[in-house]
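Spelled out, the chains give:
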Amino acid sequence: MKNTALITGASSGIGKEFARIHASKGGDLILVARRKELLDSLKEELVQKYNVAVQVIQKDLSVVGSSQELYDTVTQNGWQVHYLFNNAGFGGKGAFLDRDLEADVEMVRLNVMALLKLTHLFGKDMKARGKGKILQTASTAGFLPGPYQNTYFATKAFVVSHTQGLAHELKGSGVTVTALCPGPVATEFAKVAGFGGSKMFDGAASAAKTAQKGYRAMEQGKVICISEFQFTFLIKVLMPFLPQSMTAAIIAKMQQS
Ligand SMILES: NC(=O)c1ccc[n+]([C@@H]2O[C@H](COP(=O)([O-])OP(=O)(O)OC[C@H]3O[C@@H](n4cnc5c(N)ncnc54)[C@H](OP(=O)(O)O)[C@@H]3O)[C@@H](O)[C@H]2O)c1
């Protein structure tokens, strides 16, 4: 395999679009998610259209030990990962104390622990080779307090912070790490998180455009990519002047719309 990208959460939404972009550039792929039939049909599409090599690995990355299993499968087959997309993730609506704690723990295992473990395993190999690119799908949620989607916002704050620190540590190594931070995107995310019909997703960005912006930022080695201008303005210009309690109140209202 050549110019290989491993993409978690490739069965739908932003991850599926990352796969399409990478294949269109002639890169090979390792597609990872739980729904094998969706990965298989994406594989068929990409092989037919771009004549690239595509491997499908069905894996529930919220299970303890699954990231190591994924790494072992990849290395035992002799595949080298040149691009790592830690993209799989999900959210969940509701007041923290009213939510099922196990659902939030599963969210932390996927959004944080799997990302951390895969970055450590594949990042070490990239550093040893002096070359590689890592894209972490974070969120604008990573810059904000998140009442009524508290654990999700906190997982993305972890990803933003970890990316910023790691990017500094990797300077001069040939390896870059980028956090893509979208606002609402039209994917399965809203339904999975319990926001079906929410006004928050009116006018959401498309998965294809969001993935394009993230892919470009990764190619350029940018550390943070906020994919829509209005959120850059909100986070960089407006928010620093708002009291934290006001920001939390605005977000709470949005989550309940
Ligand atoms: N959509 C938004 O508004 C938005 C905004 C900011 C950031 N994001 C982030 O963007 C990323 C991609 O989400 P999306 O919007 O494209 O939503 P999506 O369409 O729901 O895609 C989520 C992907 O993650 C995979 N996944 C979920 N649980 C998994 C598990 N336990 N193990 C392995 N894979 C799992 C899903 O595949 P299977 O179900 O087949 O496993 C799917 O491929 C997430 O990290 C999300 O937090 C989304």
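Structural data are supplied above this passage.
What counts and how
- Residues numbered from 1 in each chain as written.
- Predicted model: local features only at pLDDT ≥ 70, side-chain atom pairs only at ≥ 80, totals over all residues.
- Heavy atoms only, no water.
- Salt bridge = Lys/Arg side-chain N within 4 Å of Asp/Glu carboxyl O.
- Helix = DSSP H or I, 4+ residues; strand = E, 2+ residues; numbered from the N terminus.
- Buried < 20%, exposed > 50% of the residue type's maximum accessible area, 1.4 Å probe, protein only.
- Pairing = 2+ DSSP bridges.
- Axes fitted to C-alpha atoms, helices over the stretch in contact; angles between N-to-C directions.
- Contact = heavy atoms within 4.5 Å.
- Patch = residues over 30% accessible without salt bridge, like charges linked within 9 Å, V, L, I, M, F, W, Y side chains within 5 Å.
- Areas by Shrake-Rupley, 256 points an atom, 1.4 Å probe, with all protein chains shown as cover.
- Lys, Arg positive; Asp, Glu negative; His and termini not counted.
- Charge placed at Lys NZ, Arg CZ, Asp CG, Glu CD.
- Phe/Tyr/Trp six-rings, centres within 6.5 Å; stacked < 30°, edge-to-face > 60°.
- Parallel < 35°, antiparallel > 145°, perpendicular 65-115°, else oblique.
- Left-handed = near helix turned anticlockwise from the far one by under 90°.
- Nonpolar A, V, L, I, M, F, W, Y, C, P; charged D, E, K, R; others polar.

J.: Give a description of the pattern of salt bridges that names residues and reports values.
T.: One pass over the structure, following the stated rule, counts nine salt bridges. The partner of Glu-17 in a salt bridge is Arg-20, with the nearest N and O atoms 2.9 Å apart. Of the two residues, Glu-17 and Arg-20 both sit in helix 1 (residues 13–24), three residues apart, roughly one turn of that helix. Put simply, Glu-188 and Arg-35 hold a salt bridge, and the shortest N to O gap is 2.9 Å. Of this pair, Glu-188 sits in the loop between strand 7 (185–186) and helix 6 (189–192) while Arg-35 sits in the loop between strand 2 (29–33) and helix 2 (36–50); the two residues are 153 residues apart in sequence, bridging distant segments of the chain. Accessibility expressed as a relative area gives 32% for Arg-35, which makes it partly exposed. One network of salt bridges, in which partners are shared, links Glu-17, Arg-20 and Glu-45.

J.: Lay out the sheet that holds strand 3 (residues 54–58) in plain terms, naming residues and giving numbers.
T.: Spatially, seven strands are ordered 3-2-1-4-5-6-9 in an open sheet, and the strand pairing comes out parallel. Where the open sheet ends on each side, the last strands, each with one partner, are strand 3 and strand 9 (224–226). Averaged over all adjacent pairs, the angle separating strand axes in this sheet is 15 degrees, with direction ignored. Bridging between strand 1 (residues 5–8) and strand 4 (residues 83–86) involves three bridges; their strand directions are parallel. Bridge pairing in strand 4 places Leu-6 opposite Leu-84. In the packing of helix 5 (residues 150–169) onto the sheet, contacts are made with strand 5 (132–137), strand 6 (175–181) and strand 9, and the angle to strand 6 comes to roughly 155 degrees.

J.: Quick one: what's the story with a positive patch on the surface, residue by residue and with numbers?
T.: Taken together, the side chains of Lys-209, Lys-213, Arg-216 and Lys-222 define a basic patch exposed on the protein surface. Its location among the elements puts Lys-213 in helix 7 (residues 207–220). For Lys-213, a relative accessible area of 34% gives the class partly exposed.

J.: Could you give an account of the packing of aromatic side chains, with specific residues and numbers?
T.: Under the defined criterion, the tally for this structure stands at seven aromatic pairs. Ring centres of Tyr-152 and Phe-153 lie 6.4 Å apart, and the angle between their planes is 80 degrees; on these two criteria the pair is classed as edge-to-face. Summarising the burial analysis for this pair, Tyr-152 and Phe-153 share the class buried. Between Tyr-152 and Phe-189, the ring centres sit 5.1 Å apart and the planes meet at 50 degrees, which makes this aromatic pair tilted. With a gap of 37 residues between them, Tyr-152 in helix 5 and Phe-189 in helix 6 connect regions that are remote in the sequence. Here Tyr-152 falls in the buried class, since its relative accessible area comes to 8%. Looking at Phe-189, the relative accessible area reads 22%, which means it is partly exposed. Through pairs of rings, three or more aromatic residues link up here, namely Tyr-152, Phe-153, Phe-189, Phe-195 and Phe-201.

J.: Which residues make up the packing of helix 3 (residues 66–76) against helix 4 (residues 101–129), and what are the values?
T.: Angle between the axes and distance between the axes: these two values describe a pair of packed helices. Two elements in contact, helix 3 and helix 4, have axes separated by 9 Å at closest approach and are oriented at 30 degrees. Relative to helix 4, the element helix 3 is oriented roughly parallel. The two elements helix 3 and helix 4 cross, and the hand of that crossing is right-handed. Note on element contacts: helix 4 touches helix 3 through Ala-114, Lys-117, Leu-118, Leu-121, Phe-122 and Asp-125, opposite Ser-67, Gln-68, Leu-70, Tyr-71, Val-74 and Thr-75. A breakdown of the residues in the contact of helix 3 with helix 4 according to their chemical character gives seven nonpolar, three polar and two charged.

J.: Can you tell me about the packing of helix 1 against helix 2, naming the residues and giving the values?
T.: At a minimum axis distance of 10 Å, the contact between helix 1 and helix 2 shows a crossing angle of 20 degrees. Looking at the two axes, helix 1 sits roughly parallel to helix 2. Between helix 1 and helix 2 lies a crossing of right-handed hand. Residues Lys-16, Ala-19, Arg-20, Ala-23 and Ser-24 of helix 1 form the contact with helix 2, whose own contacting residues are Leu-42, Glu-45, Leu-46 and Tyr-50. Residue composition of the contact of helix 1 with helix 2, grouped by class: five nonpolar, one polar and three charged.

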